[in-house]
Amino acid sequence: MLVECVPRPELKEPVNDLIKRVSNEHQGGTFRIPMNEMFGAFGLSLGEAEKNKLRERGDLSFTPGSVSHGNFLNEGRQRELATGEGLTLVVPEKLSGTYVTTPGSLTLKFAAGSALRGCKRVFVLICQDIIKIDADEHKLYIDLPGEKYDLCFIF
């Protein structure tokens, strides 16, 4: 990890709440979390129109496969979400992958061709698939191709 982590203490509570929720609900079998709540936990500034796009996408479905692993899936129309940070997130028609959960951590690893995309406009919209999102009690790490593009937040 070559990236410098940026302090974002306001993320501590929503990230830890999400970690605990996934860990607890995983023990009970298949469960769902609204897309809007998932994105909110990662501290992205979304306007009401963008939040409505996520509400229209519905829930992210989680299907446990073992004690700590499982799969996640959400399907719907592709959506572009403009953030207050100047980024655009592209939610593909099929958003899917695997997850690993413990009482103190959560990893979402996106499947090839089904990944959330982070985009920045530099004359044209330049996008990269998000490989995975790692969260624990102290940090949130968003892994993009090439370490210099990764994002890291500590709390």
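First, a word on what this report is: a plain description of the structure on this page. This one's a predicted model, so the numbers in the text were calculated from it and none came from an experiment.

The rules behind the values
Residues numbered from 1 in each chain as written. Predicted model: local features only at pLDDT ≥ 70, side-chain atom pairs only at ≥ 80, totals over all residues. Heavy atoms only, no water. Core = buried A, V, L, I, M, F, W, Y, C linked by side-chain atoms within 4.5 Å. Buried < 20%, exposed > 50% of the residue type's maximum accessible area, 1.4 Å probe, protein only. Contact = heavy atoms within 4.5 Å. Salt bridge = Lys/Arg side-chain N within 4 Å of Asp/Glu carboxyl O. Helix = DSSP H or I, 4+ residues; strand = E, 2+ residues; numbered from the N terminus. Disulfide = S-S within 2.5 Å. Arc of directions from axis to C-beta. Lys, Arg positive; Asp, Glu negative; His and termini not counted. Polar contact = N/O pair within 3.5 Å; in protein donor to acceptor, adjacent residues only side chain to side chain. Pairing = 2+ DSSP bridges. Axes fitted to C-alpha atoms, helices over the stretch in contact; angles between N-to-C directions.

Some words on the nonpolar core
- Of all hydrophobic cores here, the largest spans 35 residues; its most connected members are Met-38, Phe-39, Phe-62 and Leu-140.
- When near neighbours in sequence (up to four residues on either side) are disregarded, Leu-140 contacts Leu-11, Val-15, Phe-42, Ile-133, Asp-134, Ala-135, Leu-151, Cys-152, Phe-153 and Phe-155.

A look at the pattern of salt bridges
- A full pass over the atoms with the stated rule returns 10 salt bridges.
- The salt bridge partner of Asp-59 is Arg-32, with a shortest N-O separation of 3.4 Å. Here Asp-59, found in strand S3 (residues 59–64), pairs with Arg-32, found in strand S2 (residues 31–34); they are 27 residues apart in sequence, far enough to count as distant.
- Take Arg-32: its relative accessible area is 47%, and that puts it in the partly exposed class.
- Arg-55 is the partner of Glu-48 in a salt bridge, and the nearest nitrogen-oxygen pair spans 3.1 Å.
- The exposure class assigned to Arg-55 is partly exposed, which follows from its relative accessible area of 43%.

Digging into the state of the cysteines
- Tallied over the full model, the rule gives 2 disulfides.
- For Cys-5, the disulfide goes to Cys-152, at an S-S distance of 1.9 Å. Across the disulfide from Cys-5 to Cys-152, rotation about the S-S bond amounts to roughly 75°, and the bridge is consequently right-handed. Within this pair, whereas Cys-5 is found in the segment before strand S1 (6–7), its partner Cys-152 is found in strand S13 (residues 151–154), the two being separated by 147 residues in sequence.
- Residue class for Cys-152 comes out buried when judged on its relative accessible area of 2%.
- For Cys-119, the disulfide goes to Cys-127, at an S-S distance of 2.0 Å. When the S-S torsion is 110°, as for the bridge of Cys-119 with Cys-127, the disulfide is right-handed.
- By relative accessible area, Cys-119 is classed as buried at 1%.
- Here the bonded cysteines of the protein chain are numbered in sequence order, and their pairing is 1-4, 2-3.

Re helix H3 (residues 48–57)
- If you check which residues of H3 are buried, you get Glu-50, Leu-54 and Arg-57. On an axial view of H3, the arc spanned by its buried residues comes to 50°, and they lie on one face. Opposite the buried face of H3, by more than 90 degrees, sit the exposed residues Ala-49 and Glu-56.
- Structurally, H3 contributes buried residues whose contacts are with helix H2 (35–41), S3, strand S4 (69–75), strand S5 (79–82), strand S6 (88–91) and strand S7 (94–102).
- Phi turns positive one or two residues past the end of H3, at Gly-58, with a value near 85°.

Observations regarding the side chain of Asp-150
- Following the sequence through the fold, Asp-150 ends up in the loop between strand S12 (139–143) and S13.
- For the buried Asp-150, no salt bridge exists, and the shortest N-O distance to an oppositely charged side chain is 9.0 Å, to Lys-132.
- Polar contacts involving the side chain of Asp-150 include one to the side chain of Tyr-141, which spans 2.5 Å.
- Here Leu-144 takes part through its backbone nitrogen, which lies 2.8 Å from a polar atom of the side chain of Asp-150.
- Other than its neighbours up to four places away in sequence, Asp-150 contacts Val-3, Tyr-141, Ile-142, Asp-143 and Leu-144.

Some remarks on the sheet that holds S3
- In spatial order, the strands read S1-S13-S12-S11-S8-S7-S4-S3-S2; together these 9 strands make up an open sheet with mixed pairing. If you trace the sheet from one side to the other, it starts and ends with S1 and S2, each paired once.
- The sheet contact formed by S7 and strand S8 (residues 105–110) spans 6 bridges and is antiparallel. Bridged to Gly-97 within S8 is Phe-110.
- Against the sheet, helix H1 (residues 12–26) makes contact with S2, S3, S4, S7, S8, strand S11 (132–136) and S12, and its axis sits at roughly 160° relative to S2, the strand it touches most.

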